[in-house]
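Spelled out, the chains give:
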Amino acid sequence: VTVTPKKRVLVVDDDDTFRNGLKYALMQSGYDPILTVGGKVAQQLLEKGGIDVVLSDVNMPDGNGIELLKFIRQSGTVPIVMMTGLKSLIENVDVFRAGGILHFLPKPFSRETLVAALEAALAPPEVGPKLPPVEEVAYCKVPINDFISGKEVKYDLYVQLSDAKYVKIAHAGAGLPPEQIENYRERGVSHLYMTKGDFKDYLRFSVKISGVLKDSGTIPRQRKLAFLSQTSQLLMATMGSDQVNAEMMEQSRGIVESAVSVLSDSDAYFGLMDLMNTRRGGDNLYAHSLAVSLYSCLMANKLGWQSPNTLMYVATGSLFHDIGKKELPEDILRKPRMMQSNEERSIFESHSLRGAQILRAVPDTPDEVIWIVQQHHENEAGYGYPFRLRKGKIYPLAKLVAVADEFVDAVTREEKLDQEVVLRVLHQMVKFSKDLLDPGMMAALMSVFKFEIPADIRGAITLAFERKNGA
Ligand SMILES: [Fe+2]
Ligand SMILES: [Fe+2]
C-alpha cells in the first residue's frame, strides 16, 4: 500500500492569529503546512524546493505578496493562491491579470473554499498554456413567471439540468401549456433558459442593440472571451459574497454576466467596458462598476423586479454609471472631494452628464440606461447633480444604483467584508446619507444580507420610509 505524501503548503501571512488558524485548517484537511511571516523568507524556502503550493497574503511588511508572485513567476512553476480582498485585487489588477499559475481566494473565506482553491491550484496543468476557463454564456435565464400568460412563445425553451446541461422543453412557436408551467414550478424550477441569440431578440433592449451589432467583428473573439472570463473572476471576487444568500448571489452574478456578454457582442459597448478596465491611478473602474452592477441586481431581486428588460437596464446602467470619469483628468479624480476647488468640483461632477453623452453616441442605447447614468448622483434632498432633481422626479432605477454605488464605494475602502463591516457601513450610510438616499432602496439593500439588521440601523430607514409614504 502506498501512501500519497501530504502536499506541502507554504503559508505566507504576517498576521499571527490568522496564520495559526490557517495552519489548523490545513492540517485538518490533510495538508502539510509550513508557516512564514514574510515574502523574503518565503523566497528562500522556495529556492530550497519541496513546496507544492504557496498560499500567500497580498500585503505584508517585507517584500509583499506581489513581489513573491513575481519571484515565483520568474523562477518556477509552483502554483500560488493569493488571499486578497477586493481592494488589493483592484490595486494590483495588472499584475494579477498576467494569469498563469495564479489562483485567487477572496477574503474572508470558509475552509471549504480554501480547500477548493488549493485543489484547483494543485490540479495537473492542462496541455498548452493554462488560461482561465473561457466559456461563452450560451444560455440566458428568464423567470418562469414570464411565460405564465399563456401567450405563444417564439423561442425554444430549455430547463437547466446541470452546469453545462440543458434540455429543450418547448419548441419555438408551440408554446408552453399553463399546466406544464405549473408542473415545473411545483418542482422548484424558477427559471427557464433560451439561447443567447434568442434572448437578445426576446429583450426589446437587445433588438435595439442589434443595429450596432451589424458593424461588429473587428475585435478578435479571443480577446472578448478573455474579457468575459476576467469579468466572471472579478464578479467572484466581489466582496461580501458570503454575507448574501448563495442562490441569490448566483442569480445576480448570472444577470450581470449575461448583460456583459450581450453587450460585448457590440464593438462599441465592448470598447467602453474595455476602456473602464484599464487601470488609472490605482483604480479599476471596471471592477467598481461590476460590483455596483452586482449589488444593484441583488437589490432589484429583493424588490421583486423580475422582468428581463428591467434587469437588463439595471445591470447595464450600473455598469456604465461612471463611464464619464474616463474623460476626466486623473488628478481631479484622485483628489478627495473636500479638497477640490469649486472648478475642480464642477469638472468632477460633470462625469454623469459626460457619461450620458458617451452612451447617447452609441446608437440605440435605451433611454432607461442613459437616465440611470445621468441621474446616479441626484439625491432625495434635491441638491444632487447635475440637475438638482426633487425626489419625485428622479428615475427610480437611478435611485437604486445610487444606493448600490454608495455602498460599494464604502466597502471598497475595507480589506474584507464580514458581517461586522457590513453593519458598520450600513450604519454610516444611515447616519450620514439617510436624507439623501431613497429609504425604499436602502431597505432593499439591507434585506440583501442574510443576517438580521439591528433595529437601531433599520429603524431610521423605516421611519424615513413611513414619512415618505405617509403624510
Ligand atoms: Fe459617479
Ligand atoms: Fe460609482
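One numbering rule holds for all chains: residues counted from 1, following each sequence as written. To read the labels, note that chains go from A and ligands from 1, taken in the order they are written. Only residues with pLDDT of 70 or above have their local features reported here, since the model is predicted, and side-chain atom pairs are shown and tallied only from 80 upward, although totals for entire chains, interfaces and linings are computed over all residues. In computing side-chain values, all of the structure's heavy atoms are included and hydrogens and water are not.

Q: An account of the packing of aromatic side chains is requested, with residue identities and associated values reported.
A: Only centres within 6.5 Å qualify two rings of Phe, Tyr or Trp (six-membered ring in Trp) as a pair; their planes then separate them into stacked at under 30 degrees, edge-to-face at over 60, and tilted for everything else. Inspection of the entire model under this criterion finds nine aromatic pairs. Note on Tyr295 and Phe449: the rings are 6.4 Å apart at their centroids and 35 degrees apart in plane angle, and the pair reads as tilted. Placement of Tyr295 in helix H13 (residues 285-302) and of Phe449 in the loop between helix H21 (439-448) and helix H22 (455-469) is noted, with a sequence separation of 154 residues between them. Think of it in three bands: with a 1.4 Å probe and only protein chains considered, a residue is buried below 20% of the maximum accessible area for its type, exposed above 50%, and partly exposed in between. Here Tyr295 falls in the buried class, since its relative accessible area comes to 1%. The class of Phe449 is buried, set by a relative accessible area of 5%. Put simply, the rings of Tyr295, Phe407, Phe449 and Phe451 pair up and form one aromatic cluster. What counts as a helix is a DSSP run of H or I of at least four residues, what counts as a strand is a run of E of at least two, and both are numbered from the N terminus.

Q: Hey, could you go over the coordination of the iron ion (ligand 1) for me, with residue numbers and the actual values?
A: Distances from the iron ion (ligand 1) to its protein donors, namely Asp322 (OD), His351 (NE2), His376 (NE2) and His377 (NE2), fall within the range 2.1 to 2.3 Å. Around the iron ion (ligand 1) sit four donor atoms, and with donor-metal-donor angles ranging over 83 to 172 degrees the site reads as irregular. Of note, the donors binding the iron ion (ligand 1) are all from one chain and are spaced D-x28-H-x24-H-H. The distance between the iron ion (ligand 1) and the iron ion (ligand 2) comes to 3.9 Å, and Asp322 binds to both of them. Sites may look incomplete because water is not among the atoms; the donors themselves are N, O and S atoms within 2.8 Å of the metal, or within 3.2 Å for Na, K and Ca. Between 85 and 135 degrees for all angles marks four donors as tetrahedral; over 155 degrees for opposite donors together with 65 to 115 for all other angles marks four donors as square planar and six as octahedral; every other arrangement is irregular.

Q: Mind laying out the pairing of strand E3 (residues 53-57), listing which residues take part and the relevant values?
A: Most of E3 sits out of view: five of its five residues are buried. Neither face of E3 is open: one carries Val53, Leu55 and Asp57, the other Val54 and Ser56, and all of them are buried. Relative to E3, strand E1 (residues 8-12) runs parallel, the two being bridged by four bridges. Residue pairing across strands places Val11 opposite Leu55, the latter belonging to E3. Bridge analysis of E3 against strand E4 (residues 80-84) gives four bridges, and the strand direction is parallel. Residue pairing in the sheet places Asp57 in a bridge with Met83 of E4. If DSSP finds at least two bridges between two strands, the strands pair.

Q: Give a description of the coordination of the iron ion (ligand 2) that names residues and reports values.
A: By definition of the ideal shapes, a tetrahedral metal site with four donors has angles of 109.5 degrees and an octahedral site with six donors has angles of 90 or 180 degrees. Here the iron ion (ligand 2) is held by His288 (NE2), His321 (NE2), Asp322 (OD) and Asp405 (OD), and the distances to it run 2.1 to 2.3 Å. Classification of the site at the iron ion (ligand 2) as irregular follows from its four donor atoms and the range of 82 to 178 degrees in their angles at the metal. One chain supplies every donor to the iron ion (ligand 2), and in sequence these donors are spaced H-x32-H-D-x82-D.

Q: Tell me what's going on with the pattern of salt bridges, and back it up with residues and numbers.
A: A carboxyl oxygen of Asp or Glu within 4 Å of a side-chain nitrogen of Lys or Arg is what we treat as a salt bridge. By the definition in use, this model includes 14 salt bridges. Of the charged contacts in the structure, one is a salt bridge between Asp16 and Arg19, with a shortest N-O distance of 2.8 Å. Residue Asp16 and its partner Arg19 are both found in helix H1 (residues 16-28); the two are separated by three residues, about one turn of the helix. Judged by relative accessible area, Asp16 falls into the partly exposed class, the value being 46%. Judged by relative accessible area, which is 10%, Arg19 ranks as buried. A salt bridge links Lys325 to Asp322, with the shortest nitrogen-to-oxygen separation between them at 3.5 Å. Accessibility expressed as a relative area gives 1% for Asp322, which makes it buried.

Q: Just give me the short version of unusual backbone geometry, but keep the residues and values in it.
A: Geometrically, the link from Tyr385 to Pro386 is a cis peptide bond, its omega value of 5 degrees lying close to zero. Along the polypeptide, Pro386 turns up in the loop between helix H18 (367-375) and helix H19 (396-412). In the Ramachandran plot, Arg388 falls in the positive-phi region, its phi being about 50 degrees despite a non-glycine side chain. Residue position: Arg388 is located in the loop between H18 and H19. By relative accessible area, which is 54% here, Arg388 ends up exposed.

Q: Tell me about the confidence of the model for the protein, and name the residues and values.
A: Confidence of the prediction at every residue is given by pLDDT, a number between 0 and 100. For the protein, per-residue confidence averages 82 on the pLDDT scale, and 84% of positions sit at 70 or higher. Per-element mean pLDDT across the protein ranges from 43 in helix H9 (residues 204-213) up to 96 in H18. Here, two residues are considered to be in contact whenever any of their heavy atoms come within 4.5 Å of each other. Between residues 127-134, whose pLDDT stays under 50, and residues either more than four places distant or in other chains, the model counts eleven contacts. Confidence over residues 205-215 falls short of pLDDT 50; this stretch has 26 contacts with residues more than four positions distant or in other chains.

Q: For the nonpolar core, give the residues involved together with the corresponding values.
A: Counting residues in hydrophobic clusters, the biggest one holds 97 residues, and the most contacted among them are Phe320, Phe407 and Phe449. For this core, the leading source of residues is H13, giving eleven residues. Apart from the residues within four sequence positions on either side, Phe320 is in contact with Leu263, Tyr269, Leu272, Met273, Met276, Leu359 and Val373. Only buried residues count toward a nonpolar core. Its members are Ala, Val, Leu, Ile, Met, Phe, Trp, Tyr and Cys residues joined through side-chain atoms within 4.5 Å. Counting 17 residues, the second-largest nonpolar core is a separate cluster that includes Ala25, Tyr31, Leu105 and Val115.

Q: Got a sec to walk through the environment of Ser110? Specific residues and values, please.
A: Mapped onto the secondary structure, Ser110 falls in the loop between strand E5 (102-106) and helix H6 (111-122). Under the relative-accessibility criterion, Ser110 is labelled partly exposed at 30%. A sequence separation of 85 residues divides Ser110 from Ala25, and the C-alpha atoms of the two residues are 9.7 Å apart.

Q: Account for the packing of H19 against helix H20 (residues 419-433), naming residues and giving values.
A: Two elements in contact, H19 and H20, have axes separated by 10 Å at closest approach and are oriented at 125 degrees. Judged on the interaxial angle alone, H20 and H19 are oblique. Handedness of the crossing formed by H19 with H20: right-handed. Of the residues in H20, those in contact with Val403, Glu406, Phe407, Ala410 and Val411 of H19 are Val425, Leu426, Met429 and Ser433. The residue classification treats Ala, Val, Leu, Ile, Met, Phe, Trp, Tyr, Cys and Pro as nonpolar and Asp, Glu, Lys and Arg as charged. All others, Gly included, are polar. Its residues assigned to classes, the contact of H19 with H20 comprises seven nonpolar, one polar and one charged. Axis lines are fitted to C-alpha atoms, over the contacting stretch for helices. Their N-to-C directions set the angle, which ranges from 0 to 180 degrees. Any angle that falls under 35 degrees is termed roughly parallel, while one over 145 is termed roughly antiparallel, one within 65 to 115 roughly perpendicular, and all others oblique. Here a crossing is called left-handed whenever its near helix is offset anticlockwise from the far helix by less than a right angle, and right-handed whenever the offset is clockwise.

Q: Go over the pairing of strand E2 (residues 32-36), please, and point to the residues and values.
A: Here five bridges tie E1 to E2, and the two strands are oriented parallel to one another. The residue of E2 that forms the bridge with Val12 is Thr36. Each parallel crossover has a hand, and for E1 linked through H1 to E2 it is right-handed. Orienting the strands away from the viewer, one traces the path from the first strand over the helix to the second; a clockwise path indicates a right-handed crossover.

Q: Lay out the packing of H1 against H6 in plain terms, naming residues and giving numbers.
A: One can describe the packing of H1 onto H6 by two numbers: an axis separation of 11 Å at closest approach and a directional angle of 70 degrees. In terms of orientation, H1 lies roughly perpendicular with respect to H6. Judged by the twist between their axes, the crossing of H1 over H6 is right-handed. Across the interface between the two elements, Leu22, Ala25, Leu26 and Gln28 of H1 pack against Arg111, Leu114 and Leu118 of H6. The residue inventory of the contact of H1 with H6, partitioned by class, reads five nonpolar, one polar and one charged.

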